Amino acid sequence: MTTKTKTKKTAQRRLAEQVLTHITASPTAYHVVANMIRRLEDAGFTGLPEEERWQLAPGGRYYVTRNGSSIIAFTIPGRDFRGYQIIASHSDSPSFRIKENPEMEAAGYLRLNVERYGGMLCAPWFDRPLSIAGRVVVRGRDGALETRLIQPDRDLLMLPSLAIHMNREANDGMKYNAQTDMLPLFGEAADKGRFRALLASEAGVPEQDILSDDLYLVVRQAPSFWGAEEQYFSSPRLDDQECAWCSLEGFLAADNEEQVMLHCVLDNEEVGSRTRQGAASTFLQSVLVRIGESLGRDGQDYHTALASSFMVSADNAHAVHPAHPDKADPVHRPRMNGGIVLKYAANQNYTTDGVSAAVVRDLCLREKIPLQTFFNRSDQPGGSTLGNISNTQVSLMAADIGLAQLAMHSPYETAGVSDVGALVDFCRAFYRAGAPRIRETCHS
Ligand code: ZN
């Protein structure tokens, strides 16, 4: 291995370690946003409350949050801008939401009552240490309501499998019932009341001050690098925190004197985005409109800016699975460590079309960033993501990309080390780029 290759590998590994540090510290969408705010403030960004009037200045760096689970950070060029360079990803991952008063007795034990959040693979949730994380809403001293993030740093729960001796068909395929099979074991019947006491102690308030909560199960398994050359890593929540982190990394490393750069991480993609803070909400539109208004631009300017903008919808993609290569398109075969993946779907669940694909490919060719393509098998409908949903609120040219991973929606997913660097490079180059220059010919 040459010294140059070795240095490059070390740099790639360091980036992958950083993304995993961020993911481990971010068990829920609330923590993703809190940790991103920390980085943004360190980099000189100012928080803008949605409920106050904004006074933005050319050259300013700002961020806005909604519900504490979605965040949009942006930078204003020093002179009048043309449009918006946007990368959008999502902050949430499939998990189980803990219901209120969750303790349920069964056979002398206590289990927690949970419901599904998103479409997860159930089997890998069994037989590994679990905990809880999220936010607790408490009554503050002055009577105002306050949210407190909690993240107990210990193993609290387990979903033990039924022994093979009691179900000889277990290896012939299992069905999981969310109400009966997926309730984790918390303690003995005599421990009733301990859950609420735990929340109070984690939130640092008396039990009676807790009014409600948004809590989720969290897999505690630490990330790991593995493989012949340690070229892979596995971790919870790679979808989509890997893309979200790369977007922030590229955003903080870039500047642009022509376009407003926006780093958007939106909640609720896993349940369809139709929430106050999701991609189907007014959040992004409201931020774009307010940027223009605050800088003295008018309605016409808003529309010209949208026409001079580009959005990258960044959400992880499926790598070809070595045991099931026939599940992928026969020609387009994304693999881990093969670079970023441009995603297509004729039904436009992905926003990519010929023109937006050309914008992405042109950038990758100029920046020497490896690019692969994903298509669903023609007989499979495939998934969707936030780009086309966001486009119903803020319509602009867009393309869908992601990184190739295995075991999507497992609580422990797998991806490639060198891809992290490829996406950071892409995001930085994209944020630096000017408005797309396209000559459309509308006659034959
Ligand atoms: Zn995703």
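Described in the following lines is the structure provided in the data block.

Conventions used here
Residues numbered from 1 in each chain as written. Predicted model: local features only at pLDDT ≥ 70, side-chain atom pairs only at ≥ 80, totals over all residues. Heavy atoms only, no water. Helix = DSSP H or I, 4+ residues; strand = E, 2+ residues; numbered from the N terminus. Rg over C-alpha atoms; globule rule 2.2 N^0.38 Å. Buried < 20%, exposed > 50% of the residue type's maximum accessible area, 1.4 Å probe, protein only. Contact = heavy atoms within 4.5 Å. Lys, Arg positive; Asp, Glu negative; His and termini not counted. Charge placed at Lys NZ, Arg CZ, Asp CG, Glu CD. Donors = N, O, S within 2.8 Å, 3.2 Å for Na, K, Ca; no water. Tetrahedral: all angles 85-135°; square planar, octahedral: opposite > 155°, others 65-115°. Pairing = 2+ DSSP bridges. Axes fitted to C-alpha atoms, helices over the stretch in contact; angles between N-to-C directions. Salt bridge = Lys/Arg side-chain N within 4 Å of Asp/Glu carboxyl O. Parallel < 35°, antiparallel > 145°, perpendicular 65-115°, else oblique. Nonpolar A, V, L, I, M, F, W, Y, C, P; charged D, E, K, R; others polar. Core = buried A, V, L, I, M, F, W, Y, C linked by side-chain atoms within 4.5 Å. Expected span 1.5 Å × (residues − 1). Left-handed = near helix turned anticlockwise from the far one by under 90°.

If you tally the helices and strands in the chain, you get nine helices and 19 strands. On C-alpha atoms alone, the chain measures out to a radius of gyration of 23 Å, which is about the 22 Å that the 2.2 N^0.38 rule sets for 444 residues. By its C-alpha atoms, the chain is 75 × 60 × 50 Å across when sized along the principal axes. Here the chain holds 444 residues, and 52% of them are scored as buried. The long-range share in the chain, meaning contacts at least 24 apart out of those at least 6 apart in sequence, stands at 78%. Of the side-chain charges in the chain, 46 are positive and 54 negative, and the distance between the mean point of each set is 4 Å.

Moving on, we come to the coordination of the zinc ion. Taken together, His 90 (NE2), Asp 239 (OD), Asp 315 (OD) and Asp 315 (OD) make up the protein donors of the zinc ion, found 2.0 to 2.6 Å from the metal. The coordination sphere of the zinc ion comprises four donor atoms, whose angles at the metal cover 55 to 143 degrees; the geometry is irregular. The motif formed by the donor residues of the zinc ion, counted along the single chain, is H-x148-D-x75-D. Note that His 90 is positioned in strand β4 (residues 83-90) and Asp 315 in the loop between β14 (310-314) and β15 (317-318), a separation of 225 residues in sequence. Here His 90 matches Asp 315 in class, with each residue buried.

In this section: the sheet that holds strand β7 (residues 130-139). Strand order in this open sheet of six strands is β8-β7-β10-β5-β6-β9, and the pairing throughout is antiparallel. What marks the edges here is a single partner per strand, and that holds for β8 (145-150) and β9 (185-188). Averaged over all pairs of adjacent strands, the angle between their axes in this sheet comes to 30 degrees, without regard to strand direction. Pairing geometry for strand β6 (residues 109-117) and β9, over three bridges, is antiparallel. Its bridge partner being in β9, Tyr 109 is matched across the sheet by Glu 188.

All right, on to the pattern of salt bridges then. With the rule as written, the count across this model stands at 16 salt bridges. Ionic pairing is found between Glu 146 and Arg 148, a salt bridge with its closest N-O pair at 2.9 Å. What makes Arg 148 partly exposed here is its relative accessible area of 27%. The salt bridge partner of Arg 194 is Asp 191, with a shortest N-O separation of 3.8 Å. When its relative accessible area of 51% is taken as the criterion, Arg 194 is described as exposed. A relative accessible area of 22% places Asp 191 in the partly exposed class. Members of the salt-bridge network, linked through shared partners, are Arg 13, Glu 17 and Glu 230.

Interhelical geometry of helix α1 (residues 3-24) versus helix α9 (residues 417-432) gives an angle of 85 degrees and a closest axis separation of 8 Å. The angle between α1 and α9 falls in the class roughly perpendicular. Across the interface between the two elements, Gln 12, Arg 13, Leu 15, Ala 16 and Val 19 of α1 pack against Val 417, Ser 418, Val 420, Gly 421 and Val 424 of α9. Of the residues assigned to the contact of α1 with α9, the class counts are six nonpolar, three polar and one charged.

The next subject is the nonpolar core. Core analysis: the largest hydrophobic core is formed by 52 residues, its most contacted members being Phe 233, Ile 340, Ile 401, Val 420, Leu 423 and Phe 426. Per element, the largest residue contribution to this core is ten residues, and it comes from α9. Apart from residues no more than four positions distant in its own chain, Phe 426 is found in contact with Val 312, Ile 340, Val 360, Leu 363, Cys 364, Ile 369 and Ile 401. Counting 32 residues, the second-largest nonpolar core is a separate cluster that includes Leu 48, Ile 72, Tyr 84 and Ala 88.

A few words on helix α5 (residues 283-294). Helix length check: α5, at twelve residues, gives a terminal C-alpha distance of 16 Å against a target of 16 Å (1.5 Å per residue), a fit within 8%. When we look at burial in α5, the residues that qualify are Phe 283, Leu 284, Ser 286, Val 287, Leu 288, Arg 290, Ile 291 and Gly 292. Gly 296 occupies a position one or two residues after α5 and carries a positive phi of about 80 degrees.

Further remarks concern the packing of helix α2 (residues 29-42) against helix α4 (residues 238-253). Contact geometry of α2 with α4 gives a least axis separation of 12 Å together with a crossing angle of 15 degrees. Between α2 and α4, the angle falls in the class roughly parallel. Crossing of α2 over α4 shows right-handed handedness. Between α2 and α4, the residues in contact are Val 32, Met 36, Arg 39 and Leu 40 and Gln 241, Ala 244, Trp 245, Leu 248, Glu 249, Phe 251 and Leu 252, respectively. Here the contact of α2 with α4 is built from residues that sort into eight nonpolar, one polar and two charged.

Turning to the pairing of β14, a few remarks are in order. By the criterion of burial, β14 is predominantly enclosed, with five of the five residues buried. Taken together, the four bridges between β4 and β14 define a ladder with parallel strand orientation. Bridge pairing in β14 links Ile 87 to Val 312. Inspection of the sheet shows β14 paired to strand β18 (residues 397-406) by five bridges, in the parallel sense. Looking at β18, one finds that Ala 314 is bridged to Ile 401.

On their own, these measurements won't tell you what the molecule is for.
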